[in-house]
Amino acid sequence: YQRRVHGLPDREKYVLSAAEVIKTGELTAKYGPHTVVVRVTQIPESRQTDFSPYEVSSQLVEIYKEGTLSPHPSDEHLIHSERELEAVTEEQTTQNKTHIVRQPSHDVDTSLFIIPIPISSHTSTVRNRFSRINRPDHAPTMTSDVQTLLQSRAREEPYQILNDFHLLVFLIKSGQISEADIPLICSAIRARSSTPLQPLIRKLQSFKPASNPPRTNPAPPPSQPITRPTPASRGNDDKVREIMAICHCDEPSARNALAAAGGDINEAISYLVY
């Protein structure tokens, strides 16, 4: 279960909302105690994304099973319980001594049910420009999309092109590479070496699928005139089509991203996928 948060203000108020904690409790009750919720935060004024994993306490899961929990109607970080709960917290006295505070309440802060999962802090250079595998509202990913991606990133090193999780998943599922190729790819990416990947890139460039269902575009209604691009606009139209194919977005989104990026197609793609 994943939530995407843009900006730090929400993050400063609470880690997860009541609805998200309850949802995680539902999934934990269904799938078991190893269920994890990942908070994904786009860091302002940067191109970086922060990933923080959490799980919920066993007490939350047991209370969830009673069917008595709901988000507080006016405060996102409070969970409301139909039966009275006892919130137990630790407080520091002025003499730096710790004592336990027990407070009966029907509304409990979400932080009392959340357990951070320790992970090794690191910065990853992975970039995703290929179609996401978890967006069912997008058009189906096709083999031609791989060719479009390879063409748009032809100036980049092979290890940079294949450093894309969603691309690798699609390549395996479509039979263009096998799981046996993954160790080689990962080693080359870590070493930033393109030489071992050259044969694989050539294989992808020449791959011919058994069948590739046509992606059709509806004809304009009779009442609308068919417009032809002028020579000046044809270059941007090509970029828009390429952005649409890679990001699986509609034409207005592609044009807006291209305009915001000052005509830089790579920057426009980054706007849409991050």
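Just above sits the structure.
Residues numbered from 1 in each chain as written. Predicted model: local features only at pLDDT ≥ 70, side-chain atom pairs only at ≥ 80, totals over all residues. Heavy atoms only, no water.

Some remarks on the overall build of the protein
Item 1. In terms of helices and strands, the protein carries 11 helices and seven strands.
Item 2. Classification of the 274 residues of the protein by burial places 35% in the buried group.
Item 3. A separation threshold of at least 6 residues defines the contact pool for the protein, and within that pool the share at least 24 residues apart is 59%.
Item 4. Accessible surface computed for the protein: about 17,200 Å², of which carbon and sulfur atoms make up 52%. (Helix = DSSP H or I, 4+ residues; strand = E, 2+ residues; numbered from the N terminus. Buried < 20%, exposed > 50% of the residue type's maximum accessible area, 1.4 Å probe, protein only. Contact = heavy atoms within 4.5 Å. Areas by Shrake-Rupley, 256 points an atom, 1.4 Å probe, with all protein chains shown as cover.)

Examining the pattern of salt bridges
Opposite charge on two side chains permits pairing when their charged atoms draw close.
Item 1. If you walk through the whole model with that rule in mind, you get six salt bridges.
Item 2. Note that Lys-65 and Glu-62 form a salt bridge whose closest N and O atoms lie 3.6 Å from each other. In this pair, Lys-65 and Glu-62 are both assigned in helix H3 (residues 58-65), three residues apart and thus about one turn of the helix distant.
Item 3. Residue classification places Lys-65 among the exposed positions, given a relative accessible area of 53%.
Item 4. Given the relative accessible area of 46%, Glu-62 is considered partly exposed.
Item 5. Connected through shared salt-bridge partners, Asp-237, Glu-251 and Arg-255 make up one network. (Salt bridge = Lys/Arg side-chain N within 4 Å of Asp/Glu carboxyl O.)

Focus on helix H6 (residues 165-173)
Item 1. Every buried residue belonging to H6 is among His-166, Leu-167, Leu-168, Val-169, Phe-170 and Leu-171, and all of these are buried.
Item 2. Elements that come into contact with the buried residues of H6 comprise helix H4 (143-152), helix H5 (158-161), helix H7 (182-191) and helix H8 (198-205).
Item 3. Positive phi appears at Gly-175, one or two residues downstream of H6, with a value of about 80°.

Remarks on the nonpolar core
Item 1. If you look at the biggest cluster of nonpolar residues, it comprises 30 residues, and the most contacted ones within it are Val-146, Leu-162, Leu-167, Leu-171, Ile-177, Ile-185 and Ile-243.
Item 2. If you list the elements that add at least two residues to this core, you get H4, H5, H6, H7, H8, helix H9 (231-247), helix H10 (251-260) and helix H11 (265-273).
Item 3. For this core, the element with the highest residue contribution is H6, accounting for four residues.
Item 4. Here Ile-177 is in contact with Leu-168, Leu-171, Ile-172, Ile-182, Ile-185, Leu-200, Lys-203 and Leu-204, once residues within four sequence places are set aside.
Item 5. With 16 residues, the next largest nonpolar core counts Leu-16, Ala-18, Val-21 and Val-56 among its residues. (Core = buried A, V, L, I, M, F, W, Y, C linked by side-chain atoms within 4.5 Å.)

So yeah, pure geometry; function would need other evidence.
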